[in-house]
Amino acid sequence: MGTQAPQSIDVQPDNQVPVERPRTISRTNETDPAQHGEQHEGQHYSVPLQDLKTVFPHGLPPRFVMQVKTFGEACLMVRKPALELLHYLKNTNFAYPAVRYVLYGERGTGKTLSLCHAIHFCAKHGWLILHIPDAHLWVKNCRELLQSTYNKQRFDQPLEASTWLKNFKITNEHFLSQIKVQEKYIWNKRESTEKGSPLGEVVEQGITRVKNATDAVGIVLKELKRQSSSGLFHLLVAVDGVNALWGRTTLKREDKSPIAPEELALIYNLRKMMWNDWHGGAIVLTLSQTGSLFKRSKAYLPHELLGKEGFDALDPFVPILVSNYNLKEFESCIHYYLENSWLQHEKAPTEEGKKELLFLSNANPAQLERLCAYL
Amino acid sequence: MAASALKVVRSWSGLAPGVTFAVWSIPRQTQVRWSRYSPEFRDPLTDKEHYRKPVAGLTEEEKYEKELKKTQLIKAAPTTTTCSVFADPVISKFTNMMMKGGNKILARSLITQTLEAVKRKQFEKHRTASAEEQAIIERNPYIIFHQALKNCEPVIGLVPILRGGHFYQVPVPLADQRRRFLAMKWMITECREHKHRRILMPEKLSHELLQAFHNQGPVIKRKQEMHKMAEANRALAHYRWW
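All values reported here derive from a predicted model rather than from experimental measurement.

A separate point is the overall build of chain B. Regarding its fold elements, chain B presents 10 helices and two strands. When the elements of chain B are put in sequence order from the N terminus, they spell out α-α-α-α-α-α-α-β-β-α-α-α. Looking at chain B as a whole, 32% of its 242 residues are labelled buried. Long-range contacts, defined here as pairs at least 24 residues apart, represent 66% of the contacts in chain B between residues at least 6 apart. When the accessible surface of chain B is split by element, carbon and sulfur atoms take 56% of a total near 16300 Å².

Let us now look at the sheet that holds strand 4 (residues 128–132) of chain A. All names here are of chain A. Taken together, the five strands give an open sheet; going across it, the order is 4-9-10-3-11, and neighbouring strands pair in parallel fashion. Each edge of the sheet is formed by a strand with only one pairing partner; in this case those strands are strand 4 and strand 11 (318–321). This sheet shows a mean twist of 15° between the axes of neighbouring strands, independent of strand direction. Bridge analysis of strand 3 (residues 99–104) against strand 11 gives four bridges, and the strand direction is parallel. Note that in strand 11 the partner of tyrosine 104 across the bridge is leucine 321. Packed on one face of the sheet, helix 9 (residues 265–274) meets strand 3, strand 4, strand 9 (235–240) and strand 10 (281–286) and runs near 125° to strand 9.

Residues and elements named next belong to chain B. In this fold, proline 44 is placed in the loop between helix 1 (2–11) and helix 2 (48–52). The spatial distance from the C-alpha of proline 44 to the C-alpha of alanine 135 is 44 Å, given a sequence separation of 91 residues. In contact with proline 44, not counting residues within four places along its chain, are Ile74, Lys75, Ala76 and Ala77.

The next point concerns the interface of chain B and chain A. Listed by partner, the interface residues are 16 residues for chain B and 25 residues for chain A. Three residues stand out in chain B for area buried against chain A, namely Val85, Phe86 and Arg120 of chain B, and they jointly supply 36% of the buried area on that side. At the boundary of chain B with chain A, the tally comes to one salt bridge. A salt bridge links glutamate 116 of chain B to arginine 63 of chain A, with the nearest nitrogen and oxygen atoms 2.9 Å apart. Counting across the interface, chain B meets chain A through 14 residue pairs in polar contact (both at pLDDT 80 or more). The element best represented in the side of chain B that touches chain A is helix 5 (residues 104–128) of chain B, accounting for nine residues. Of the residues contributing to the side of chain B that touches chain A, the split by class is six nonpolar, three polar and seven charged.

Below, the discussion takes up the pattern of salt bridges. Under the counting rule described, the total for this entry stands at 29 salt bridges over all chains. With a closest N to O distance of 2.8 Å, arginine 271 of chain A and glutamate 262 of chain A form a salt bridge. Exposure remark for arginine 271 of chain A: the relative accessible area of 15% places this residue in the buried category. For glutamate 262 of chain A, a relative accessible area of 33% puts it in the partly exposed group. Overlapping salt bridges, with partners in common, bring together Arg63 and Glu369 of chain A together with Glu116 and Arg120 of chain B in one network.

Here we come to the domain arrangement of chain B. Along its sequence, chain B is carved into domain 1 (39–86) and domain 2 (88–239). The distance between the C-alpha centroids of domain 1 of chain B and domain 2 of chain B comes to 36 Å.

Another aspect to go through is the nonpolar core. Soluble, globular proteins show a tendency: their nonpolar side chains are buried together. By size, the foremost hydrophobic cluster in this structure holds 63 residues, and its most contacted members are Tyr337, Leu357 and Leu368 of chain A together with Phe94, Met98 and Met187 of chain B. The element contributing the most residues to this core is helix 8 (residues 176–193) of chain B, with seven residues. With residues up to four places along the chain from it excluded, the contact list for leucine 357 of chain A reads Phe330, Ile334, Asn362, Leu368, Leu371, Cys372 and Leu375 of chain A together with Phe86 of chain B. Core analysis: the second largest hydrophobic core is formed by 59 residues, Tyr104, Leu245, Met273 and Ile283 of chain A among them.

The UniProt record annotates "domain: Small ribosomal subunit protein uS7" (unreviewed entry) at residues 79–234 of chain B. The distance from the first to the last C-alpha atom of residues 79–234 of chain B is 45 Å, and the span holds 63% helix and 10% strand.

Once that is clear, we can look at the packing of helix 11 (residues 327–339) of chain A against helix 13 (residues 365–373) of chain A. Residues and elements named next belong to chain A. In contact at an axis separation of 12 Å, helix 11 and helix 13 are set at 30° when each is read in the N-to-C sense. Relative to helix 13, helix 11 is oriented roughly parallel. The hand of the helix 11/helix 13 crossing is right-handed. Side by side, helix 11 and helix 13 meet where Phe330, Cys333, Ile334 and Tyr337 of the first sit next to Leu368, Glu369 and Cys372 of the second. When the residues that make up the contact of helix 11 with helix 13 are grouped by side-chain class, the tally is six nonpolar, no polar and one charged.

About the cut-offs
Residues numbered from 1 in each chain as written. Chains lettered and ligands numbered in written order. Predicted model: local features only at pLDDT ≥ 70, side-chain atom pairs only at ≥ 80, totals over all residues. Heavy atoms only, no water. Helix = DSSP H or I, 4+ residues; strand = E, 2+ residues; numbered from the N terminus. Buried < 20%, exposed > 50% of the residue type's maximum accessible area, 1.4 Å probe, protein only. Contact = heavy atoms within 4.5 Å. Areas by Shrake-Rupley, 256 points an atom, 1.4 Å probe, with all protein chains shown as cover. Pairing = 2+ DSSP bridges. Axes fitted to C-alpha atoms, helices over the stretch in contact; angles between N-to-C directions. Buried area = accessible area lost by both parts, 1.4 Å probe. Salt bridge = Lys/Arg side-chain N within 4 Å of Asp/Glu carboxyl O. Polar contact = N/O pair within 3.5 Å; in protein donor to acceptor, adjacent residues only side chain to side chain. Nonpolar A, V, L, I, M, F, W, Y, C, P; charged D, E, K, R; others polar. Domains from an automatic or database assignment. Core = buried A, V, L, I, M, F, W, Y, C linked by side-chain atoms within 4.5 Å. UniProt positions renumbered as here; feature names shortened; annotations may be inferred. Parallel < 35°, antiparallel > 145°, perpendicular 65-115°, else oblique. Left-handed = near helix turned anticlockwise from the far one by under 90°.

Below is the structure:
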């Protein structure tokens, strides 16, 4: 089915042809992100719920998950930053080193959902998705911190690593049997993974033996980086809240001295992934102030959030600014809520109601969603 | 004379604390509550449409009023006045009653979370219901809120009246304001006291509101008990003199 007509239709001033009132169209039937173009800007496309379970077992913002549960459908809005990112991803040259794209913007503008749009596109095209839903969760509130078995200087985080491995398995089930490990890994006196065995075994080992989960994650990252150049698969590394890798942690050792991020094995291995010394894929990152530690609440620029170390590590990268809704997107969002009968207040569909919503939310997607929740 | 009668009544407060005085309605000439503003201050007019009218479109009377206001003293508008189209006086009153220690931000956030919880619960019900039921299920949280509070309002109340050294609970018709106040007070007390400490207020309040909307639940029970007590004490009704 083709796309529906764009919002404003240029009608030639002709006495016979009746002038069509521009209707707000908030939905499109195009479910394939590869076909999304500028004509779909501002429109919502729905992700099938089956795909949602496999592609996004983790990674969607919690309020969006609540919305999906309430409406019974997952609809993402097609916006300019996401379209720009998709355009770059479509034209990636897999022979060149992986390009880093950084989505930045103020709080609540839609960086995470733009990242999810890109991930959906790559999943549809059979890329291998390495999605870390929130790097900030790895640098704070860790209940169990073990000394790493591989390197005495570093620390293991068994819980976080095992949950991530479980979700990674759900997303990339079919790749785990195809990719073969290129080295022998010895876990302990009794268990080891032979060279040439599928990657799925390493993941299983990490999930079942929680103590080795962090090392399993490290092995997965190393193998994928090594083998992405082979051309078997395209690798997408998607990290939300990447500024956690170069910030500070709130974790402390037993003697109450603070731990630097590089002393955590997960962070150390992830930082190696961020280097562009591999090819055969792309790296899409999001900066986030919301979960960050020791950063001003109004900070959103890459230099502020990444700090000198992070900026130098990621330099050069392609920055993509995600901003608040423009008028067309705002109208589309309101129209989508009205279609789903989410705006129940009788004054909400009126012009004054819309003006008031625009004023109160300043066209910020997160604020608008919170306002409409109780109206 | 009225002032001296009221002064005598006020001295009785030492006898029985917490007793609502039925005797306030002796001749209502005395001002009990006073205001810092002296009498010449006029109330403010907070109507956007009134001030948006173009100068040319004003009638003679309105022009005179406008000139007169320039010379008169006007009270400050309270901070709670809004020109928002979504403002609801019932919700504002309920928020103020929920507020503790002046923390209006917390009270307002609790109310908005409650309305959201009510809406989501109703949407869930609507999704899983058949076509006929879908037409009946109400999804507007404001309508549910208003209807629930209306269902909780008692029709008749009890008032302690002193006769012959004893306080008798006399059934008495309640004013509209008092009924609305009692409904809100009962709802808030019920949600604060009879819940497990781990359950959050919006969850409990949304549950109670939905129950009251369907004329069930502990707050409706309390209203019905009040009615039963009033019915039981019918014989004392002649103690009322107003």
